[in-house]
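So you can see what is in the structure, the chains are spelled out below.
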Number of protein chains: 2
Amino acid sequence: MLGSSTEYALHCLVWLVQPREQPVSSRDLAELQGISPSLVAKTFPKLQKAGIVRSMEGVAGGYRLARTPGEISVLNVADAVEGRKSVFDCKEVRRNCVLFEGEPPAWSAHGVCGIHAVMLRAEKAMRTELARTSLLDLARGVKFPPDFGDQVGEWFAGRLEGREQARMTAVKDRTRRPVPLG
Amino acid sequence: MLGSSTEYALHCLVWLVQPREQPVSSRDLAELQGISPSLVAKTFPKLQKAGIVRSMEGVAGGYRLARTPGEISVLNVADAVEGRKSVFDCKEVRRNCVLFEGEPPAWSAHGVCGIHAVMLRAEKAMRTELARTSLLDLARGVKFPPDFGDQVGEWFAGRLEGREQARMTAVKDRTRRPVPLG
């Protein structure tokens, strides 16, 4: 129901709550937290499709939240990542009774099966609870020393600078090459 | 979280709510409902271990509820069958931050991770809802024509009689065989 992809997505999104000068790449978010970059890279397009993040292209590209963090619930994230899975898959067992000899009467499938109904209520209770907490609530709950937030910001900036420099070096290398004679 | 085994177990248990002269075998419960007898056969020992059913040995053997059906909740059945699974498996991502260089400070894992805490609340809400409904509630919710309950009772009795007759025939066959000379 709530797998690693949702867990990782939430941990990444919490780092996007604080506004930053530059967007943050999914690879940096994964590497900061020691989690699978490929799993995170697969998850962000789903978050984007659901209107939770927006992507900025380019060398300094990356992601930002697409809405204010107080308006993005844990349920929104879980649904975006897991694709609104149901906790229970009713097989309509009640229609199978051998006494019906393959022709279930109308009354046998009238309304929602009582067992399915309990599961739907349980699922609703869980969803209601997941909807109650926003990314802002999660970010506010993360406790760290005063300078740790800045350190993370510097780490993101350093990664971006590293990429910028690598790009500049590559450009210089290309311009240094002799122009091929026509 | 709530798989076919729990679904089938609940459907079977609902048929045990009405007291019957004879216990009912798991095979008959499965065949009545057109569901996998082997899956049901694997599930009943778990229900027995959890004190939900008790088993009667012998040719006319089978299962009865071990407690009054009003005291057996859907949650009891799900826990017995699924083994009290958690909907979320927290990987303590917060301890992995690359800035800790493999040595997470004490504050990084203080208390329950906020994301884990939301999942625990969601799980609790779901469990509370599942605990609210008993087998008696489920049985009362099953609507069928007045004579259908009797037809099912007769079908169970017929199955038992069939087994009794098969056993008698086997006994007769054995006694008819000539006694081997010493």
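Look up: the structure comes first, before these words.
Note that the structure is a prediction, hence the values are computed from the model and not measured.

1. A look at the packing of helix α1 (residues 4–14) of chain B against helix α3 (residues 37–49) of chain B
All names here are of chain B.
Link 1 in the chain: Their axes nearest at 10 Å, the elements α1 and α3 cross at an angle of 75°. Relative to α3, the element α1 is oriented roughly perpendicular. Residues Ser4, Ser5, Tyr8, Ala9, Cys12 and Leu13 of α1 pack against Leu39, Val40, Thr43, Phe44 and Leu47 of α3.
Link 2 in the chain: Tallied by class, the residues present in the contact of α1 with α3 amount to eight nonpolar, three polar and no charged.

2. Some thoughts on the relation of the copies chain B and chain A
Link 1 in the chain: For these two chains of identical sequence, chain B goes onto chain A by a turn of 180° and a shift of 0.0 Å along the axis, with RMSD 0.1 Å. What we have between these two chains is a two-fold relation.
Link 2 in the chain: A share of 100% of the interface residues of chain B reappears at the interface of chain A, consistent with the copies meeting face to face through the same patch.

3. Re helix α3 (residues 37–49) of chain A
Residue and element names in this part refer to chain A.
Link 1 in the chain: Here α3 spans 19 Å end to end across 13 residues, near enough to the 18 Å set by a 1.5 Å rise per residue.
Link 2 in the chain: Regarding α3, the residues found buried are Val40, Thr43, Phe44 and Leu47. End-on view of α3: buried residues confined to an arc of 115°, all on one side of the axis. The exposed set on the far side of α3, more than 90 degrees from its buried face, consists of Lys42 and Lys49.
Link 3 in the chain: Those residues of α3 hidden inside the fold are in contact with α1 (4–14), α2 (26–33), β1 (53–56), β2 (62–65) and α4 (74–82).

4. As for the interface of chain B and chain A
Link 1 in the chain: Opposite the 47 residues of chain B that make contact, chain A presents 47 residues.
Link 2 in the chain: Across the chain B to chain A interface the summed buried area is about 4,100 Å²; carbon plus sulfur atoms make up 74%.
Link 3 in the chain: In this structure, the connection of chain B to chain A is made through four salt bridges.
Link 4 in the chain: Across the pair Lys91(A) and Glu7(B) runs a salt bridge, and its minimum N-O distance is 3.2 Å.
Link 5 in the chain: Inspection of the chain B/chain A interface yields nine residue pairs in polar contact (both at pLDDT 80 or more).

5. As for the side chain of Gln33(A)
Link 1 in the chain: By the element assignment, Gln33(A) lies in helix α2.
Link 2 in the chain: Residue classification places Gln33(A) among the buried residues on the basis of a relative accessible area of 5%.
Link 3 in the chain: Among the polar contacts listed, one links the side chain of Gln33(A) to the side chain of Trp15(A), at a separation of 3.4 Å.
Link 4 in the chain: Among all residues touching Gln33(A), those that are not within four sequence positions of it are His11(A), Cys12(A), Trp15(A), Val93(B), Asn96(B) and Cys97(B).

Here is what the cut-offs are and how they apply
Residues numbered from 1 in each chain as written. Chains lettered and ligands numbered in written order. Predicted model: local features only at pLDDT ≥ 70, side-chain atom pairs only at ≥ 80, totals over all residues. Heavy atoms only, no water. Axes fitted to C-alpha atoms, helices over the stretch in contact; angles between N-to-C directions. Helix = DSSP H or I, 4+ residues; strand = E, 2+ residues; numbered from the N terminus. Parallel < 35°, antiparallel > 145°, perpendicular 65-115°, else oblique. Contact = heavy atoms within 4.5 Å. Nonpolar A, V, L, I, M, F, W, Y, C, P; charged D, E, K, R; others polar. Least-squares fit on C-alpha atoms with pLDDT ≥ 70 in both. Expected span 1.5 Å × (residues − 1). Buried < 20%, exposed > 50% of the residue type's maximum accessible area, 1.4 Å probe, protein only. Arc of directions from axis to C-beta. Buried area = accessible area lost by both parts, 1.4 Å probe. Salt bridge = Lys/Arg side-chain N within 4 Å of Asp/Glu carboxyl O. Polar contact = N/O pair within 3.5 Å; in protein donor to acceptor, adjacent residues only side chain to side chain.

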